[in-house]
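Structural overview
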Amino acid sequence: MQVMTSRFGTLEINPSDLLHFPQGIPAFEHLKEFFFYPIPENPAFTWLQAAADPEVAFLLVDPFLFFPGYAVDLPARLQEELAIKDPADALVYAVVTIPDGDIRRATANLVAPMVINRTARLGRQFVMDGTRYNTRHPLFRHPGAGSAG
């Protein structure tokens, strides 16, 4: 199937590669089908593109690469909802925000990761309650004050 995107042009997508988000994504509840658009030169990142809206794509990052102590405890109800039977089936990504297009200021939302069952092709943005994380963890360390740059 062909999917039009504003960032990547027209893409040929295998329907079996679609990910179904039964509840949509907060603020985009009307969109239920997405697919990964990997960034070949940087496998830590991938795009999650909406199949039905060319303008909607989320930049995702593997949070465990940037935040080694990061932990997500998936409640039994979420595991059931996403048909996660084996922990290896669960993919966890953080949504990245790039303020003013400056990648050096990129942040990751560690409070509400995207949880995806790669086998069942089901996904959900999961908002963790009572977490010590926040929605804007810097991905990159900034040079110290007074440094040339």
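Residues numbered from 1 in each chain as written. Predicted model: local features only at pLDDT ≥ 70, side-chain atom pairs only at ≥ 80, totals over all residues. Heavy atoms only, no water.

1. Looking at the overall build of the protein chain
The secondary structure content of the protein chain amounts to two helices and ten strands. The N-to-C order of helical and strand elements in the protein chain reads β-β-β-β-β-β-α-α-β-β-β-β. Its C-alpha atoms give the protein chain a radius of gyration of 16 Å, near enough to 15 Å, the size a compact globule of 149 residues would have. Judged by the C-alpha coordinates and their principal axes, the protein chain covers about 50 × 40 × 25 Å. Of the contacts formed within the protein chain by residues at least 6 apart in sequence, a portion of 52% connects residues at least 24 apart. When the accessible surface of the protein chain is summed, it comes to about 8,500 Å², and 54% of that surface belongs to carbon and sulfur atoms. The average position of the 12 basic charges and that of the 16 acidic charges among the side chains of the protein chain differ by 7 Å. (Helix = DSSP H or I, 4+ residues; strand = E, 2+ residues; numbered from the N terminus. Rg over C-alpha atoms; globule rule 2.2 N^0.38 Å. Contact = heavy atoms within 4.5 Å. Areas by Shrake-Rupley, 256 points an atom, 1.4 Å probe, with all protein chains shown as cover. Lys, Arg positive; Asp, Glu negative; His and termini not counted. Charge placed at Lys NZ, Arg CZ, Asp CG, Glu CD.)

2. Let's talk about the packing of aromatic side chains
Evaluation of the coordinates by the stated rule reveals ten aromatic pairs. Seen in terms of ring centroids, Phe-28 and Phe-58 are 5.4 Å apart; in terms of plane orientation they differ by 85°. Their pairing is edge-to-face. With a gap of 30 residues between them, Phe-28 in the loop between strand S3 (19–20) and strand S4 (33–38) and Phe-58 in strand S6 (residues 57–61) connect regions that are remote in the sequence. Residue classification places Phe-28 among the partly exposed positions, given a relative accessible area of 26%. On the basis of relative accessibility, which here comes to 13%, the residue Phe-58 falls in the buried class. Connected via pairs of aromatic rings, a cluster forms that spans Phe-21, Phe-28, Phe-34 and Phe-58. (Phe/Tyr/Trp six-rings, centres within 6.5 Å; stacked < 30°, edge-to-face > 60°. Buried < 20%, exposed > 50% of the residue type's maximum accessible area, 1.4 Å probe, protein only.)

3. Digging into the nonpolar core
Looking at soluble globular proteins, one finds that nonpolar side chains tend to be buried together. The biggest cluster of nonpolar side chains holds 28 residues, and the ones touching the most others in it are Phe-45, Tyr-70, Leu-74 and Leu-139. Contributing elements (two or more residues each) for this core: strand S5 (45–50), S6, strand S7 (90–97) and strand S8 (107–117). The residues touching Leu-139, leaving out its near neighbours within four places in the chain, are Phe-45, Val-61, Phe-66, Phe-67, Val-96, Ala-106, Thr-107 and Ala-108. (Core = buried A, V, L, I, M, F, W, Y, C linked by side-chain atoms within 4.5 Å.)

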